[in-house]
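Each chain is listed here by its residues.
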Amino acid sequence: MENFAEQLETLTRQEQELQFTAFTSDTALALGLKVIEIVRQRGKVVTVNITVNGKVLFHHAMQGAAADQADWIRRKNNVVERFGRSSFFVGIDHKHRGVAFDEIKYLPPQDYAAHGGAFPIVIKNVGLIGTVTVSGLRQADDHAIAVEALRAVLA
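What counts and how
- Residues numbered from 1 in each chain as written.
- Predicted model: local features only at pLDDT ≥ 70, side-chain atom pairs only at ≥ 80, totals over all residues.
- Heavy atoms only, no water.
- Helix = DSSP H or I, 4+ residues; strand = E, 2+ residues; numbered from the N terminus.
- Rg over C-alpha atoms; globule rule 2.2 N^0.38 Å.
- Contact = heavy atoms within 4.5 Å.
- Lys, Arg positive; Asp, Glu negative; His and termini not counted.
- Charge placed at Lys NZ, Arg CZ, Asp CG, Glu CD.
- Axes fitted to C-alpha atoms, helices over the stretch in contact; angles between N-to-C directions.
- Parallel < 35°, antiparallel > 145°, perpendicular 65-115°, else oblique.
- Left-handed = near helix turned anticlockwise from the far one by under 90°.
- Nonpolar A, V, L, I, M, F, W, Y, C, P; charged D, E, K, R; others polar.
- Buried < 20%, exposed > 50% of the residue type's maximum accessible area, 1.4 Å probe, protein only.
- Pairing = 2+ DSSP bridges.

## A closer look at the overall build of the protein
Turning to step 1, where the next piece is worked out: Across its full length, the protein holds 5 helices and 4 strands.
Turning to step 2, where the next piece is worked out: When the elements of the protein are put in sequence order from the N terminus, they spell out α-α-β-β-α-α-β-β-α.
Turning to step 3, where the next piece is worked out: A globule of 155 residues ought to have a C-alpha radius of gyration of about 15 Å, and the protein, at 15 Å, matches this closely.
Turning to step 4, where the next piece is worked out: By its C-alpha atoms, the protein is 40 × 40 × 30 Å across when sized along the principal axes.
Turning to step 5, where the next piece is worked out: A fraction of 68% describes how many contacts in the protein between residues 6 or more apart in sequence connect residues 24 or more apart.
Turning to step 6, where the next piece is worked out: Looking at the protein, you have 17 positive and 17 negative side-chain charges, and the mean spots of the two groups are 2 Å apart.

## Focus: the packing of helix α1 (residues 4-17) against helix α4 (residues 87-96)
Packed helix pairs are characterised by how far apart their axes lie and by the angle those axes make with each other.
Turning to step 1, where the next piece is worked out: Between α1 and α4, the shortest axis-to-axis distance is 10 Å and the interhelical angle comes to 155°. As summarised for this structure, α1 and α4 are arranged roughly antiparallel, according to the angle between their axes. For the crossing formed where α1 meets α4, the hand is left-handed. Residues F4, A5, Q7, L8, L11, T12 and E15 of α1 lie in contact with α4, whose contacting residues are F88, F89, I92, D93, K95 and H96.
Turning to step 2, where the next piece is worked out: In terms of residue class, the contact of α1 with α4 is made up of 7 nonpolar, 3 polar and 3 charged.

## Observations regarding the pairing of strand β3 (residues 118-123)
Turning to step 1, where the next piece is worked out: Burial of β3 is extensive: 6 of the 6 residues sit out of reach of the surface.
Turning to step 2, where the next piece is worked out: Burial along β3 is two-sided: A118, P120 and V122 facing one way and F119, I121 and I123 facing the other are all buried.
Turning to step 3, where the next piece is worked out: Here 6 bridges tie β3 to strand β4 (residues 127-135), and the two strands are oriented antiparallel to one another. The residue of β4 that forms the bridge with A118 is T133.
Turning to step 4, where the next piece is worked out: Here β3 folds back onto β4, and the loop between the two strands holds 3 residues, one of which, N125, carries a positive phi near 65°.

Okay, here's the thing in structure tokens:
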């Protein structure tokens, strides 16, 4: 059985640590390219999207990416925007509480996906301004790649 409480602690720590003091379109470019670099090194294929204040600053579907990944990104981003937490955190939190996220009436599954891959872009002392989202792998892997790229760009 999964240790949801431990996972939630790790996800919370990541969200607290991976915050920016400033974020520009150049930051988005560096972050998006870092995601692509990481994924290529692993021989995988994803779509990556970085959106700030409703504006897409970076979007790339790698050769072989499925067309529906753009919709997964939209649905994962909606979760981050609604809850202010990573889409993976929201999904794990609901599992931990025994709530089926897909059955919440006011969050239709065609618009919300609490699956890993969308991570909040937060400015310290300001708050949530956008998302970096990876789609195309298992949800834990989508999340881990976003986190790894954020760590590299923030280093």
